[in-house]
There are 2 protein chains.
Amino acid sequence: MIDDSPRQSALNAPEGVPKAVVNRLSLYLRELQQLTRAGLETTSSTRLGELLGLTGAQIRKDLAYFGQFGYPGIGYRCHELIDQIRNILGTSHTWPVALVGVGNLGRALLRYKGFSLRGFEVVAVFDVDHNVVGSEVEGIPVFHVDELADVMRQRQIRLAIVAVPAAAAQKAADRLVEAGVEGILNFAPVTLSLPANVTTVGVDLAIELEQLSFAVVNRNENA
Amino acid sequence: MIDDSPRQSALNAPEGVPKAVVNRLSLYLRELQQLTRAGLETTSSTRLGELLGLTGAQIRKDLAYFGQFGYPGIGYRCHELIDQIRNILGTSHTWPVALVGVGNLGRALLRYKGFSLRGFEVVAVFDVDHNVVGSEVEGIPVFHVDELADVMRQRQIRLAIVAVPAAAAQKAADRLVEAGVEGILNFAPVTLSLPANVTTVGVDLAIELEQLSFAVVNRNENA
């Protein structure tokens, strides 16, 4: 999820497009894919809005940032809008992704089937543990982090997932930066220091729970 | 992370406090905890800002939503500000948390040590798989989902983590709602339909990668 904090999500949306809009595009895409799996060929902003708890006007306004979509009297052709949103998000082609850290979380991420459907494929895993380096995990080869630059260049990897312990995260990020990474999804609960030309999105699970806690506590107080 | 989309994070911050501010509070807390672990007793908004890529003024403005903090000539006493922020976030006392779904992701979450430090403890796990129900995973007892209401009442559980496959997520959420849950952290890549009095924060890992993709693609186009 995207917010205005510097580290949890240091996205720079193109001029004029709020980050919340880009985040909702992902939700529209997810919902459209579910509709097509259910066999629907067309939908409307009203229907999509109902599924997402939004108004149709909000959806039309969000999409209007990127052009004109849909047809009078028909609505949106699901497959077409899926292609268009993937094109906007940059996921029309599959991104090869590096995973750094093959501990519990790393393994869980490798087993997660949801990435490929949405245009991401982990093609290389990196670790420093000689017990796993040289092996395969979930069918993906595990390299030593010393090989980052070579493997990333060979496999044209631009995005990486960091799933190492907090104490190792900055070093992993530094190595990724040296190897030319352009975007990092960081699961370590630390603030990474990165050059301005590297984008980072952070997922700190404790922070998610804290936000939930705050909402629950304050809802009860206000009730 | 928190955004304005309806499902990824349906938080309702108290009147007048932007969600981004609450999210940054979590970042301040995380950074302050790191400072105290490093042995520091006091810090300043300027120093905190440097660590987080923010201005000191931003930090002072954020904190001002909740009262007055810090001392002239001293700055913030780290332990005191930690206590104050935890109080604001509602994490002064540890929340007992339920985890629904003990697949790969659920197990990774159970092994994650970062929750307890920040005031969350998974005290009960729920699943439908009779191979795990009745056993313990990472020392936490696994119950059948039919026991949700009883166990949640006994253990005073108000927050839950949903880590089941997409197709099972709404049903899991429905059961949690019946059992009186107040907040759900949802890892399933689906839009949950929940009553207004239940708060949800969603973490869809593919969406995080999509946001990264968008930023990388557009940065390059704009460069």
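Residues numbered from 1 in each chain as written. Chains lettered and ligands numbered in written order. Predicted model: local features only at pLDDT ≥ 70, side-chain atom pairs only at ≥ 80, totals over all residues. Heavy atoms only, no water.

**Student:** In this structure, what is going on with the confidence of the model for chain A? I would like to understand it.
**Tutor:** Residue and element names in this part refer to chain A. Residues with a pLDDT of 70 or more make up 91% of chain A, whose mean pLDDT is 89. Within the model, the stretch residues 1–13 combines pLDDT values under 50 with 73 contacts to residues more than four positions away or in other chains. For this predicted complex, the interface confidence score (ipTM) comes to 0.87, while the overall pTM stands at 0.84. (pLDDT = per-residue confidence, 0-100. Contact = heavy atoms within 4.5 Å.)

**Student:** What's the story with the packing of helix 1 (residues 19–37) of chain B against helix 2 (residues 45–52) of chain B in this structure? I'm lost.
**Tutor:** Helix packing for two helices is described by the angle between their axes and how far apart those axes are. Residues and elements named next belong to chain B. Two elements in contact, helix 1 and helix 2, have axes separated by 11 Å at closest approach and are oriented at 105 degrees. In terms of axis orientation, helix 1 runs roughly perpendicular to helix 2. Seen from helix 1, the contacting residues are Leu-27, Tyr-28, Glu-31, Leu-32 and Leu-35; seen from helix 2, they are Leu-48, Leu-51 and Leu-52. Split into classes, the residues belonging to the contact of helix 1 with helix 2 amount to seven nonpolar, no polar and one charged. (Axes fitted to C-alpha atoms, helices over the stretch in contact; angles between N-to-C directions. Helix = DSSP H or I, 4+ residues; strand = E, 2+ residues; numbered from the N terminus. Parallel < 35°, antiparallel > 145°, perpendicular 65-115°, else oblique. Nonpolar A, V, L, I, M, F, W, Y, C, P; charged D, E, K, R; others polar.)

**Student:** Would you mind going over the sheet that holds strand 7 (residues 159–162) of chain B with me for this structure?
**Tutor:** Strand pairing in a sheet is mediated by backbone hydrogen bonds. Such pairs are either parallel or antiparallel. All names here are of chain B. Taken together, the seven strands give an open sheet; going across it, the order is 5-6-4-3-7-8-9, and neighbouring strands pair in mixed fashion. The sheet is open, and its two borders are formed by strand 5 (136–137) and strand 9 (199–202), each paired with just one other strand. The strands that helix 5 (residues 104–111) touches are strand 3 (95–100), strand 4 (120–127), strand 5, strand 6 (140–144) and strand 7; relative to strand 3, the one it contacts most, it runs at about 155 degrees. Strands in contact with helix 8 (residues 166–178) are strand 3, strand 7 and strand 8 (183–186); relative to strand 7, the strand with the most contacts, it is inclined by about 170 degrees. (Pairing = 2+ DSSP bridges.)

**Student:** Looking at this structure, how should I read the interface of chain A and chain B?
**Tutor:** By convention, interface size is frequently given as the accessible area that disappears when the constituent parts associate. On the chain B side, the residues contacting the 81 residues of chain A number 81 residues. Across the chain A to chain B interface the summed buried area is about 7,000 Å²; carbon plus sulfur atoms make up 63%. Where chain A meets chain B, there are six salt bridges. Between B:Arg118 and A:Glu210 there is a salt bridge; the shortest N-O distance is 2.6 Å. The interface formed by chain A and chain B includes 38 residue pairs in polar contact (both at pLDDT 80 or more). The greatest single-element share of the side of chain A that touches chain B, amounting to 17 residues, is contributed by helix 9 (residues 205–222) of chain A. (Buried area = accessible area lost by both parts, 1.4 Å probe. Salt bridge = Lys/Arg side-chain N within 4 Å of Asp/Glu carboxyl O. Polar contact = N/O pair within 3.5 Å; in protein donor to acceptor, adjacent residues only side chain to side chain.)

**Student:** So what exactly am I meant to see when it comes to the relation of the copies chain A and chain B here?
**Tutor:** Turning one copy of the chain about an axis and sliding it along that axis gives the other copy, so a rotation and a shift relate them. For these two chains of identical sequence, chain A goes onto chain B by a turn of 180 degrees and a shift of 0.0 Å along the axis, with RMSD 0.0 Å. Given the turn and translation reported, the copies of this chain are related as if by a two-fold rotation axis. Both copies contact each other with a shared surface, as 100% of the interface residues of chain A are interface residues in chain B too. (Least-squares fit on C-alpha atoms with pLDDT ≥ 70 in both.)

**Student:** What am I meant to see in the sheet that holds strand 8 (residues 183–186) of chain A here?
**Tutor:** Residues and elements named next belong to chain A. Read across the sheet, seven strands follow the order 5-6-4-3-7-8-9 without closing on themselves; strand pairing throughout is mixed. Edge positions in the sheet fall to strand 5 (136–137) and strand 9 (199–202), since each has one partner strand and no second. One ladder, built from four bridges, connects strand 8 with strand 9; its direction is parallel. Following the sheet pairing, Leu-185 is matched in strand 9 by Val-201. Contacts from helix 5 (residues 104–111) reach strand 3 (95–100), strand 4 (120–127), strand 5, strand 6 (140–144) and strand 7 (159–162), with the element oriented near 155 degrees to strand 3. Across the sheet, helix 8 (residues 166–178) is in contact with strand 3, strand 7 and strand 8; its angle to strand 7 comes to roughly 170 degrees.

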